[in-house]
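Residue-level structure breakdown
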Amino acid sequence: AKAVGADAIALAHHQGDQAETVLLHLFRGSGARGLAGMRPWAALPFAQGAPPFAWRPLLDIPREALRKAAEEITLSWREDETNAQSTYLRNYLRHAVFPAVRGRLPQAEAAICRTAKILAAEDDCLQAQAQDFARRFAVLAPPCRYMDFRAFTGLHPALQRRALRLALPEESDFALIERIRALRPGESENLPQGGRLLVTERYFHFLPPVSEAPSA
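Residues numbered from 1 in each chain as written. Predicted model: local features only at pLDDT ≥ 70, side-chain atom pairs only at ≥ 80, totals over all residues. Heavy atoms only, no water.

Looking at where Q18 falls in the secondary structure, it is placed in helix 1 (residues 15-27). Residue Q18 is classed as buried on the basis of its relative accessible area of 5%. If sequence neighbours within four positions are ignored, Q18 has contacts with A36, G37, M38, L59, C113 and A116. (Helix = DSSP H or I, 4+ residues; strand = E, 2+ residues; numbered from the N terminus. Buried < 20%, exposed > 50% of the residue type's maximum accessible area, 1.4 Å probe, protein only. Contact = heavy atoms within 4.5 Å.)

Structure, rendered in structure tokens:
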């Protein structure tokens, strides 16, 4: 894609893939971002926020509708052999869970995808508010990283969690976020990769790892 100057890589994820993704994230305890599933447009990890982007134009279309359309224009349907391997949790949902659900709720996949679309919009809204808070009440560039503790305590819990995720390493989990939210001035919490968070009367201080002193 980079060689030809493409702005995007089109991917064939469809409605069924999206419904599976949302359920997988639900079972892992994800918030709105995970339950929003795959986005129609998304950055690719290797591109670091620049083109090419991932483009998923088929997320609203059921798999069988795509297969029928391909047959009508004489395109051969190719099935990845790994789709039949039961070792993958996604395949368990595809072959065991969704067929049973469809028997009672034929529109289940479409409804799940509609929920994902709603949550994607709400996730974008909350994330924009958290980013605005961080711009006004935090300095997150090293070496001195801090956030206004007093302003933080006035936020809704949903925005508190997002503000902390903007400030903390990506691997910070829900349990760590909740421990930090419960901190009071004078208390601290260990962070991933050896860092530490200290709370004072005015600020959250995000302290970098302390290098070990050389032995005598």
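So that's the structure; there's more coming.
Turning our eyes to something else, we now look at the packing of aromatic side chains. Aromatic rings considered in pairs are described by the distance between their centres and by the relative angle of their planes. Under the criterion given, the structure shown has six aromatic pairs. An angle of 15 degrees between the planes, with centres 5.7 Å apart, marks the rings of W41 and W55 as stacked. With W41 in strand 2 (residues 41-43) and W55 in strand 3 (residues 53-55), this pair connects stretches of sequence that are 14 residues apart. Aromatic pair F152 and F204: ring centres 4.9 Å apart, planes at 85 degrees, arrangement edge-to-face. Taken together, the residues F152 in helix 6 (residues 149-153) and F204 in strand 8 (residues 203-207) connect sequence positions 52 residues apart. Taken as a pair, F152 and F204 share a single burial class, namely buried. One aromatic cluster is present, formed by F149, F152, F204 and F206 through successive ring pairs. (Phe/Tyr/Trp six-rings, centres within 6.5 Å; stacked < 30°, edge-to-face > 60°.)

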